[in-house]
Each structure stands twice: as C-alpha cells, then as structure tokens.
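Structure at a glance
Residues per chain, in single letters:
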Amino acid sequence: QVQLVESGGGLVQAGGSLRLSCAASGSIDSINDMAWYRQAPGKQRELVADITSGGRTIYADSVKGRFTISRDNAKNTLYLQMNSLSPEDTAVYYCNANVIPARRLRAYNYWGQGTQVTVSS
C-alpha cells in the first residue's frame, strides 16, 4: 500500500511564505511525476505545479515566479516552496504522485489527504 502524507500547511499573512512537504511511503518501486494541486472553496481542483522524476517542472501561470516545486528522489519526498502568498492562494493543497508499486507492472495515481493553506489579508 502506498501512502502520501502532506505537511506544512497553516495560516500566514499576505506576503508571507510556507513550505509544503509530501512524503510517499509503502512498497514503492519507483515514482514518475509528482505534483501539487489545490482546491479553493466552491472551485474545481487545479494543478499548481508538476515535476518529473528527472526534475523538469511546469507551473500554473498564477504561481509562476512565486512557487517552487522540488523533490528528493532518495527520500520519495515532494516539496512546494510558496513565497509572496496572497489571499487568492487560500485552498486545500493536495499532493499527487504517479507511482509504480513494488511487484506491480504499471503505475497508479495516488493522492494525499490534503493540507489547508490560509492566507490572510
């Protein structure tokens, strides 16, 4: 069984910073893409940033230049450094990973439970 556990969310004032982490655990053979998504109240879940196993990244236009996605492949951990936060960034942030479990022949998509990020004005 593969699990993703996020941490690092919280309440921050506008202009502040937060760093989210997502640790993947369980019987893992390898991890392909990892990503952060977010869902604000009344809105659809949206992609924030994605990173391949080789380190290539993509970002939503709304976070470019403010957020940085990174990963530690040795630790199966994903990060999101969020700077210059604004109230519009308030949402539940979810970790997503495309994982090949041990002794399995294909990849499966896994989600974390989400971590709340609230930015006050």
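See above for the structure.
Sequence order as written defines residue numbering, which begins from 1 separately in each chain. It should be noted that, the model being predicted, local features are given only for residues of pLDDT at least 70 and side-chain atom pairs only at 80 or more, the latter also being counted only at that level, while totals for whole chains, interfaces and linings use all residues. Think of the side-chain values as coming from all heavy atoms in the structure, minus any hydrogens and water.

**Observations regarding the pattern of salt bridges**
One side-chain nitrogen of Lys or Arg within 4 Å of one carboxyl oxygen of Asp or Glu is enough to make a salt bridge. Within the structure shown, the criterion is met by four salt bridges. For Asp 89, the salt bridge is made with Arg 38, and the minimal N-O distance between the two is 3.0 Å. Here Asp 89, found in the loop between β8 (77-82) and β9 (91-101), pairs with Arg 38, found in strand β4 (residues 28-39); they are 51 residues apart in sequence, far enough to count as distant. Arg 38 carries the same exposure label as Asp 89, and that label is buried. Two residues, Lys 64 and Asp 61, come together in a salt bridge whose shortest N-O distance is 3.1 Å. Elements are defined by DSSP. Helices are runs of H or I of four residues or more, strands are runs of E of two residues or more, and each kind is numbered from the N terminus. Partly exposed residues are those whose accessible area sits between 20% and 50% of the maximum for their type, while under 20% is buried and over 50% is exposed, using a 1.4 Å probe and protein chains only.

**Some remarks on the sheet that holds strand β3 (residues 18-26)**
Read across the open sheet, the four strands follow the order β1-β3-β8-β7; overall the sheet is antiparallel. What marks the edges here is a single partner per strand, and that holds for β1 (2-7) and β7 (67-72). In this sheet, adjacent strand axes meet at a mean angle of 15° when their direction is disregarded. One bridge is not enough; two strands pair if DSSP finds at least two bridges between them. Convention adopted: a line fitted to C-alpha atoms gives each axis, helices being fitted over their contacting stretch, and angles between N-to-C directions are expressed from 0 to 180 degrees.

**Side note on the side chain of Ser 21**
Residue placement: Ser 21 occurs in strand β3. According to the relative accessible area criterion, Ser 21 is buried, its value standing at 18%. Setting aside its immediate chain neighbours within four residues, Ser 21 contacts Val 5, Glu 6, Ser 7, Trp 36, Leu 78 and Tyr 79. Contact criterion: two residues are considered in contact whenever any of their non-hydrogen atoms come within 4.5 Å of each other.

**Some points on the environment of Ser 53**
In this structure, Ser 53 sits in the loop between β5 (46-51) and β6 (57-59). Residues Ser 53 and Asp 33, 20 residues apart in the sequence, show an inter-C-alpha distance of 5.8 Å.

**Quick word on the state of the cysteines**
Pairs of cysteine sulfur atoms within 2.5 Å are what we label disulfides. Across all of its chains, the model carries one disulfide by this definition. A sulfur-sulfur separation of 2.0 Å characterises the disulfide bridge that pairs Cys 22 with Cys 95. Every disulfide takes its handedness from the sign of the S-S torsion; for Cys 22 and Cys 95 that torsion is -75°, giving left-handed. Here Cys 22 is found in strand β3, whereas its partner Cys 95 is found in strand β9, with 73 residues between them in sequence. By the burial criterion, Cys 22 is buried, and Cys 95 matches it.

**Quick look at the side chain of Thr 77**
Tracing the sequence through the fold places Thr 77 in strand β8. Within the local environment of Thr 77, its side chain forms a polar contact with the backbone oxygen of Lys 75, the two atoms lying 2.9 Å apart. Not counting chain neighbours up to four residues away, the residues in contact with Thr 77 comprise Cys 22, Ala 23, Ser 70, Arg 71 and Asp 72. Throughout this description, a polar contact denotes any pair of N or O atoms lying within 3.5 Å of each other; where both atoms belong to protein, one of them has to be capable of donating a hydrogen while the other can accept it, and for residues adjacent in sequence the pair is counted only when both atoms sit in side chains.

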